[in-house]
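Summary of the model geometry
Given next are the chains, with one letter for each unit.
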Amino acid sequence: MKHLKLVIILMMLVMTGSVWAQQDVPPTPPGFTDWNDVLQQARGTTVNWYMWGGSDAINTFVDEFYGTVLQEEYGITLNRVPVADTVDAINLVLTEAEAGITEGGAVDMIWINGENFFTLRQADLLYGPWAETIPNSTLVNWENPAVAYDFGVPVEGYESPWSSAQLHFIYDSARMSADDLPHNFDELTAWIEANPGRFTYIAPGTGGFMGTRFVKEVLYSISGGYEQWVGEWNPELYAEWAPQLWDYLNGWESNLWRSGETYPANENELAQLFANGEVDFAMTQAVAGAGPLITAGLIPDTSRAFTFEQYSIGDYNYVAIPNNATNKAAALVLANLLLRPDRQAGHIRPETGFGLGYAIDINRVDDTDQAILEQAFVDLGDGAADPALLAAAFAPDMAPESQSIIETDWEANVLRK
């Protein structure tokens, strides 16, 4: 357990920069007299949580792991509203704003981050600042730039973290030895050349941002690091390195699965190719590694997660409340529940189908909760990557503008070339 504590502390130091003492009682959310007022207004109501609904495992997890507690402890009914893409919820909020609907909006809360958060902040359509006013916000290290900035955009209290994610890889220990794994992009290039047809990656732009994130990691690698890319978008820097990025990726194509003529559209399609033995690597953003995909029956039990030594892009994902939300009170209670240590410990476990990392700082909780959070790491088992290596490889993502630019340019310069 001593070694585990050191690993977890290392993870938090890398992701947060330092260890912070628990803060004082937070201020009151805007529009309410105190937290009891929030609880009283929320009781007996329904909260409409709009979120990506593409995973049956995550949908069931949310309904049971949060919906049950909301009802039993707070008298709130959770109405999870699935959307094919988060932008669908964003567009609904924008449409209501254009129609002049300033109260009684359909969306109470959105699972959000990155460019979608940027869109609503630019339009001034989010309620807040509230994220540092809910009781469990004291467990979040708001001094951590990875929390305080969402893809380079200041959070400023307009969204609250739910979990963290970090892109890494999966291999099948029954087919490959850990000694044969690539540990950086130069080694991956050599591996692809030595194993034609056995590697592919998710197409940027089609399956969330996992494929785009992978291409960004390549860009970090060939340009000498991520530091120059963090902060405001730098079009001149991108123009300097983009041609070399496309040349690098095009250099793989003849040796990719199906010679790079097509790419899997999302994580599950890549997992299917991996499970069928068509390719040797899958991808995940879950700290639980291969566990959630194994539990879902998508990949073999012998699958194991691993990470490159550098440039494993990670971030936090959040929940936000629109300005015109009908039920801000219940949304605040739900956001607070998401940060409760027992719920945080639960969502990291592979059997939940969620498997993402913590949003809270493990050093801010009491001894009992710390033991629960530590045990959750132990329970990840062999399917997860070494958490210390993940922490050491962590790299932040780019500014929101990078998403659409890289996706459009990849399609033009790689897919359709």
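Residues numbered from 1 in each chain as written. Predicted model: local features only at pLDDT ≥ 70, side-chain atom pairs only at ≥ 80, totals over all residues. Heavy atoms only, no water.

As for the overall build of the protein chain
Basically, it comes down to this: Helical segments are the DSSP runs of H or I of at least four residues, strand segments are the runs of E of at least two, and each set is numbered from the N terminus. The atom set for the radius of gyration is the C-alpha atoms, and the globule formula is 2.2 Å times the number of residues raised to the power 0.38. Accessible area is worked out with a 1.4 Å probe on protein chains only. A residue is then buried under 20% of its type maximum, exposed over 50%, and partly exposed in between. In this analysis, two residues are considered to be in contact whenever any of their non-hydrogen atoms come within 4.5 Å of each other. To measure how exposed things are, a 1.4 Å probe is used in the Shrake-Rupley method; for residues, cover is taken only from the protein chains shown. Asp and Glu are treated as the negative residues and Lys and Arg as the positive ones, with His and the ends of the chain left uncounted. Note that the charge is assigned to NZ on lysines, CZ on arginines, CG on aspartates and CD on glutamates.
Tallying secondary structure elements over the protein chain gives 16 helices and eleven strands in all. Against the compact-globule benchmark of 22 Å for 417 residues, the protein chain has a radius of gyration of 21 Å, which places it among compact chains. Dimensions of the protein chain, computed from C-alpha atoms along their principal axes, come out at roughly 65 × 50 × 35 Å. When each of the 417 residues of the protein chain is scored for burial, the buried share is 57%. Put simply, 81% of the contacts in the protein chain that link residues at least 6 apart link residues at least 24 apart. Of the accessible surface of the protein chain, which amounts to about 16500 Å², a share of 49% is contributed by carbon and sulfur atoms. When the 18 basic and 57 acidic side-chain charges of the protein chain are each reduced to a single mean position, those positions are 5 Å apart.

Considering helix 14 (residues 367-378)
Residues three or four positions apart in an α-helix share a direction because the helix packs 3.6 residues into each turn. Counted only if it meets this: Multiplying 1.5 Å by the residue count of a helix minus one yields the expected span of that helix. By the criterion applied in these results, polar contacts are pairs of N or O atoms within 3.5 Å in which, for protein atoms, one can donate a hydrogen and the other can accept it, and in which residues neighboring in sequence qualify only through two side-chain atoms.
End to end, helix 14 covers 17 Å across twelve residues, agreeing with the expected 16 Å (1.5 Å per residue, within 8%). Put simply, aspartate 366 is the residue that caps the front of helix 14, since its side-chain oxygen is 3.2 Å from the backbone nitrogen of threonine 368.

Side note on unusual backbone geometry
Note that the residue after glycine 128, namely proline 129, is joined by a cis bond; omega there is -5°. For arginine 258, which is not glycine, the phi dihedral falls at a positive 55°. On the secondary structure map, arginine 258 appears in the loop between helix 9 (235-250) and helix 10 (267-275). Take arginine 258: its relative accessible area is 54%, and that puts it in the exposed class. The phi angle at tyrosine 311 is positive, at roughly 65°, despite the residue not being glycine. Within the secondary structure, tyrosine 311 sits in the loop between strand 9 (303-306) and strand 10 (312-320). With relative accessibility at 13%, the residue tyrosine 311 sits in the buried group.

A few points about the sheet that holds strand 7 (residues 168-172)
Worth spelling out the cut-off: Here, any two strands with at least 2 DSSP bridges between them count as paired. Axes here refer to lines fitted to C-alpha atoms; in helices the fit is confined to the stretch in contact. Angles between the N-to-C directions go from 0 to 180 degrees.
With respect to topology, three strands assemble into an open sheet ordered 8-7-9, the strand pairing being antiparallel. Strands at the two margins of the open sheet, each flanked by one partner only, are strand 8 (282-284) and strand 9. On average, each strand axis in the sheet is tilted by 35° relative to the strand beside it, whichever way the strands run. As paired elements, strand 7 and strand 8 share three bridges and run antiparallel to each other. The residue bridging histidine 168 from the neighbouring strand is threonine 284, located in strand 8. Helix 10 rests against strand 7, strand 8 and strand 9 of the sheet, and its axis sits at about 140° to strand 8.

Structural notes on the pairing of strand 2 (residues 77-83)
Sheet topology places strand 1 (residues 46-52) next to strand 2; seven bridges connect them, and they run parallel. Bridging across to strand 2, asparagine 48 finds its partner in asparagine 79.

A short note on the environment of alanine 391
Relative to the assigned elements, alanine 391 resides in helix 15 (residues 387-393). Residue classification places alanine 391 among the buried positions, given a relative accessible area of 1%. As a C-alpha pair, alanine 391 and serine 312 span 79 residues in sequence and 8.9 Å in three-dimensional space.

Let's talk about the confidence of the model for the protein chain
Definition in use: Per residue, pLDDT measures the predictor's confidence, with a range of 0 to 100.
On average, the protein chain scores 91 in pLDDT, and the residues at 70 or more come to 93%. Across residues 1-23, where pLDDT falls below 50, the model places 48 contacts with residues more than four positions away in sequence or in other chains.

What to know about helix 2 (residues 35-42)
The condition is simple: As used here, the arc is the angular range of directions from the helix axis to the C-beta atoms.
Turning to helix 2, its buried residues are Trp35, Asp37, Val38 and Ala42. All buried residues of helix 2 project into a common sector of 155° when viewed along the axis, lining one side. Summarising the contacts, the buried residues of helix 2 are in contact with helix 12 (328-338).

Observations regarding the packing of aromatic side chains
Here is the rule we go by: Between 30 and 60 degrees the pair is tilted, below 30 it is stacked and above 60 it is edge-to-face, where a pair is any two Phe, Tyr or Trp rings, Trp via its six-membered ring, whose centres lie within 6.5 Å. We call a charge positioned over a ring when the NZ of a Lys or the CZ of an Arg lies within 6 Å of the ring centre and within 35 degrees of the ring normal.
Per the stated rule, a full pass over the model turns up 34 aromatic pairs. Look at phenylalanine 306 and phenylalanine 308: their rings are 6.4 Å apart centre to centre, the planes differ by 50°, and that puts the pair in the tilted class. Grouping residues by exposure puts phenylalanine 306 and phenylalanine 308 together as buried. A cation over an aromatic ring shows up here: arginine 175 above the ring of phenylalanine 274, its NZ or CZ 5.1 Å from the ring centre.

Description of the nonpolar core
Let me state the cut-off plainly: Residues enter a nonpolar core if they are buried and are Ala, Val, Leu, Ile, Met, Phe, Trp, Tyr or Cys, with the set joined through side-chain atoms within 4.5 Å.
The biggest cluster of nonpolar side chains holds 80 residues, and the ones touching the most others in it are Trp49 and Trp162. Element by element, the count of residues in this core is highest for helix 12, at nine residues. The residues contacting tryptophan 49, other than those within four sequence positions of it, are Val62, Leu78, Asn79, Arg80, Val81, Met109, Ile110, Trp111, Trp162, Val319, Leu334 and Leu338. Core analysis: the second largest hydrophobic core is formed by 59 residues, Leu181, Ala203, Val215 and Met283 among them.

Remarks on the side chain of histidine 347
Take histidine 347: it is sitting in helix 13 (residues 341-347). At 3.0 Å, the side chain of histidine 347 and the backbone oxygen of glycine 357 are in polar contact. If we ignore the near neighbours within four places in the chain, the residues touching histidine 347 are Phe61, Phe65, Tyr66, Trp162, Ser163, Thr352, Phe354, Gly355, Leu356, Gly357 and Tyr358.

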